[in-house]
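Notes for the structure review
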Amino acid sequence: MPFLEIRLTKESGRIYEEHSHPMLSIGVMLEGETQFFLQGEEFRLQTGMLAVIPPRMAHACNPLPLQTRSYFILHLSLDFCLEIQGRLFNEGGKNLLPLRAPRIFDPVMYEGLISLIQSLLKGYDSLKGEAFWGWCERFFARYTLEVSSRGDALISEVAEYLEGDVEEASLAFLSKRFQINPYTLERRFKKAYGTTPKRYHTDARLHRLKKLLRQGISLALCAQYGGFSDQSHFQRFFKRRVALTPREYQLNFVQ
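Residues numbered from 1 in each chain as written. Predicted model: local features only at pLDDT ≥ 70, side-chain atom pairs only at ≥ 80, totals over all residues. Heavy atoms only, no water.

It is worth spelling out the overall build of the chain at this point. Secondary structure assignment for the chain yields ten helices and eight strands. Here the C-alpha atoms of the chain give a radius of gyration of 18 Å, agreeing with the 18 Å that 2.2 N^0.38 yields for 255 residues. Judged by the C-alpha coordinates and their principal axes, the chain covers about 50 × 45 × 40 Å. Within the chain, counting contacts between residues at least 6 apart in sequence, those at least 24 apart form 71% of the total. Element-wise, carbon and sulfur atoms account for 51% of the exposed surface of the chain, whose accessible area totals about 13,200 Å². (Helix = DSSP H or I, 4+ residues; strand = E, 2+ residues; numbered from the N terminus. Rg over C-alpha atoms; globule rule 2.2 N^0.38 Å. Contact = heavy atoms within 4.5 Å. Areas by Shrake-Rupley, 256 points an atom, 1.4 Å probe, with all protein chains shown as cover.)

As structure tokens, this is what we get:
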């Protein structure tokens, strides 16, 4: 299932910096309670809740002081989500229709998703794949909001540019390239994604490095590709945002 990544965190007290993902993320709280930050607001997530994080949206999800929490996090590729929404709403486009976020309390969907995840982690077969597809269709049918709104097209274009392998991402450069006032650009970008273009560009670089690590590329080459002065700089950068060292992250995927 190349469109799906599942991460399980158990009894962890690790702290994450604010970051974003190019995929739709769905968190499934298993135990404990966590502080969830999205678009400048703070929410509490508890056992039984789903957390919905739109693609590219800056967020942070951290434990309460001196406590731990356990959760699944699902990352669904944008193409997969667009395909489902396209079938449901006869819509096309590069951006997801908006979803209800950030918290959902729906015991039936919650229990169904946990059962599917646990089954998939034991091994994949076509019936499990079809069952997961069905859950996603029900989720999008139930929690997609107004189908007429696709957001700010120009700002989406800026975000797509920043997701590319580009070095120049200053506000002055972007405002000139996209012919928009720099202050207007930053304000509209932060409204759309909850972060600045510069930080968004940093998250996009991190995503590319995570992909290389999953492919088994050495830490030294990843550091070089990412433009870091040395491997130690790369490790500090990575751990602040992922709460794992690059080696720890890689070992989850490359056995």
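Still more ground to cover, so stick around.
With that out of the way, let us pick up empty space enclosed by the protein. In this structure the tally under the stated criterion is two cavities of 30 Å³ or more. When its volume is computed, the largest cavity comes out at roughly 370 Å³. What lines the largest cavity is a set of 29 residues, and nearest its centre among them are His19, His21, His59, Tyr71 and Ile73. Only β1 (4-12), β2 (24-31), β5 (50-53), β6 (59-63), β7 (69-76), α7 (197-214) and α9 (231-242) provide two or more residues apiece to the lining of the largest cavity. Among the residues forming the lining of the largest cavity, the class breakdown is 16 nonpolar, eight polar and five charged. Each pocket or cavity is described by its volume, and for the second largest cavity that value is around 30 Å³. Counting residues per element, the lining of the second largest cavity draws most heavily on α7, which supplies three residues. (1 Å grid on protein atoms, 1.4 Å probe; cavity = no way out; pocket = protein on both sides within 12 Å on 5 of 7 lines; lining within 4 Å. Points joined across faces, edges and corners; volume = space filled by probe spheres on them. Nonpolar A, V, L, I, M, F, W, Y, C, P; charged D, E, K, R; others polar.)

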